[in-house]
Amino acid sequence: MTTGAPPPATRGRSRARTLVPLGLAAWLVLEIWLLTLVADAAGGLTVLALLVGGAVLGATVVKRAGRRAFTTLTGALQRERAGEPPEAAGAGGGNGMLMLGGLLLMLPGLVSDVLGLLLLVPAVRTAAARYAERALDRRVGALLSQARVHRPDGRVVQGEVIRDEPAGPAPGGRDTRPPLTS
């Protein structure tokens, strides 16, 4: 038996949930295609040497950036304990983008290696960090403004509180309220 009510509205897939898997699949196909082209032109040992060299270089970059980030964090904590004012927020030196470059170098593939090598260049790394920060600020700002739209408007409903029992001790001097602690 049906009630005549329409079925609940179902939300479609978001663009990101559709495009991200397609983009990753396209990147994977491109990486494999480029590796086969290089293997045909230069040989399989060359491809193996490129992949191993990229992984070693990437691990070295990530290790160095991690040490630098840990040193920066340790110094900031020691300055805070000593009561000194904290340094500017940008004093970390872009360790996140440096680690991303190392991670891209460690991934097997030529496109990821080129992107990782580009992130090792200080000017490119700074520009990428600024772009990522602006994009994140826009995204977070849009989410916060959306959250404000959906908040209750804060209207006060006028009303009156009616108690069933009188406040204070009962007639006869006895307090009928339960104790606050047990």
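Just so it is clear, the model here is predicted, and its values are computed rather than measured.

Remarks on the overall build of the protein chain
1) Next: Of the regular secondary structure elements, the protein chain holds 5 helices and 0 strands.
2) Next: Written out in order from the N terminus, the α and β elements of the protein chain read α-α-α-α-α.
3) Next: Scored against the burial criterion, the 182 residues of the protein chain give a buried share of 12%.
4) Next: If you take every contact in the protein chain between residues at least 6 apart in sequence, the share linking residues at least 24 apart comes to 61%.
5) Next: Accessible area of the protein chain: about 15,100 Å², with a carbon and sulfur share of 65%.

Examining the side chain of Arg125
1) Next: Here Arg125 lies in helix H5 (residues 122-149).
2) Next: Buried Arg125, no salt bridge; nearest opposite-charge side chain is Glu133, N-O distance 13 Å.
3) Next: Once residues lying within four places of it in the same chain are set aside, the contact partners of Arg125 are Gly94, Met97, Leu98, Leu119 and Leu120.

Here we look at the packing of helix H3 (residues 95-106) against helix H4 (residues 110-119)
1) Next: The interhelical angle for the contact between H3 and H4, taken along N-to-C directions, is 155°, at an axis separation of 7 Å. The angle between H3 and H4 falls in the class roughly antiparallel. The hand of the H3/H4 crossing is left-handed. On the side of H3, the interface is formed by Met97, Leu98, Leu100, Gly101, Leu104 and Leu105, while H4 contributes Ser112, Asp113, Leu115, Gly116, Leu117 and Leu119.
2) Next: Class assignment for the residues of the contact of H3 with H4 results in 8 nonpolar, 3 polar and 1 charged.

Here's the deal with the environment of Leu103
1) Next: Summarising the element assignment, Leu103 is placed in helix H3.
2) Next: Spatially, the C-alpha atoms of Leu103 and Gly54 are 9.7 Å apart, while their sequence positions differ by 49 residues.

Focus on the side chain of Asn95
1) Next: Relative to the helices and strands, Asn95 is located in helix H3.
2) Next: Leave out the neighbours within four places in its chain, and Asn95 touches Ala65, Arg68 and Ala69.

Points about H3
Working note: α-helix, 3.6 residues per turn, so residues spaced by three or four point in the same direction.
1) Next: Taking 1.5 Å of rise per residue, the 12 residues of H3 would be expected to cover 16 Å, and the 16 Å separating its terminal C-alpha atoms lies within 8% of that figure.
2) Next: Of all the positions in H3, only Asn95, Met97, Leu98, Gly101, Gly102, Leu104 and Leu105 are classed as buried.

Comments concerning the packing of helix H1 (residues 15-42) against helix H2 (residues 44-81)
1) Next: Relative orientation of the contacting elements H1 and H2 amounts to 130°, with a least axis distance of 7 Å. The orientation of H1 with respect to H2, classified from their angle, is oblique. On H2, the residues touching Leu35, Val38, Ala39 and Ala42 of H1 are Gly44, Thr46, Val47, Leu50 and Leu51.

Topic: a nonpolar patch on the surface
1) Next: A contiguous nonpolar patch, built from Val114, Leu115, Leu118, Val121 and Val124 and spanning about 370 Å² of accessible area, is present on the exposed surface.
2) Next: The dominant element in the nonpolar patch, judged by the number of residues it contributes, is H4, at 3 residues.
3) Next: By secondary structure assignment, the location of Leu118 is in helix H4.

Rules used throughout
- Just so you know, the residues in each chain are numbered from 1, in the order the chain's sequence is written.
- Local features in this predicted model are restricted to residues of pLDDT 70 or higher, and side-chain atom pairs are both shown and tallied only at a pLDDT of 80 or more, whereas totals for entire chains, interfaces and linings draw on every residue.
- The side-chain numbers reported here are obtained from all heavy atoms of the structure, hydrogens and water having been left aside.
- Counting from the N terminus, the helices are DSSP H or I runs at least four residues long and the strands are E runs at least two residues long.
- In this scheme, a residue with accessible area under 20% of its type's maximum is buried, one over 50% is exposed, and one in between is partly exposed, where area comes from a 1.4 Å probe on protein chains only.
- We call two residues contacting when some pair of their heavy atoms lies within 4.5 Å.
- Only the protein chains shown count as cover for residues, and all accessible areas are computed by the Shrake-Rupley method using a 1.4 Å probe.
- A positive count includes Lys and Arg, and a negative count includes Asp and Glu. His and the chain ends are not counted in either.
- Salt bridges are identified by distance alone: a Lys or Arg side-chain nitrogen within 4 Å of an Asp or Glu carboxyl oxygen.
- Axis lines are fitted to C-alpha atoms, over the contacting stretch for helices. Their N-to-C directions set the angle, which ranges from 0 to 180 degrees.
- What sets the label is the angle itself: under 35 degrees gives roughly parallel, over 145 gives roughly antiparallel, 65 to 115 gives roughly perpendicular, and the rest give oblique.
- With the far helix as reference, a near helix turned anticlockwise by less than a right angle produces a left-handed crossing, and one turned clockwise produces a right-handed crossing.
- Nonpolar residues are Ala, Val, Leu, Ile, Met, Phe, Trp, Tyr, Cys and Pro. Charged residues are Asp, Glu, Lys and Arg, and all others, Gly as well, are polar.
- Expected helix span is given by 1.5 Å per residue-to-residue step, counting one fewer step than there are residues.
- Candidates for patches are residues over 30% relative accessible area with no salt bridge; among them, like charges are joined within 9 Å and nonpolar side chains (Val, Leu, Ile, Met, Phe, Trp, Tyr) within 5 Å.

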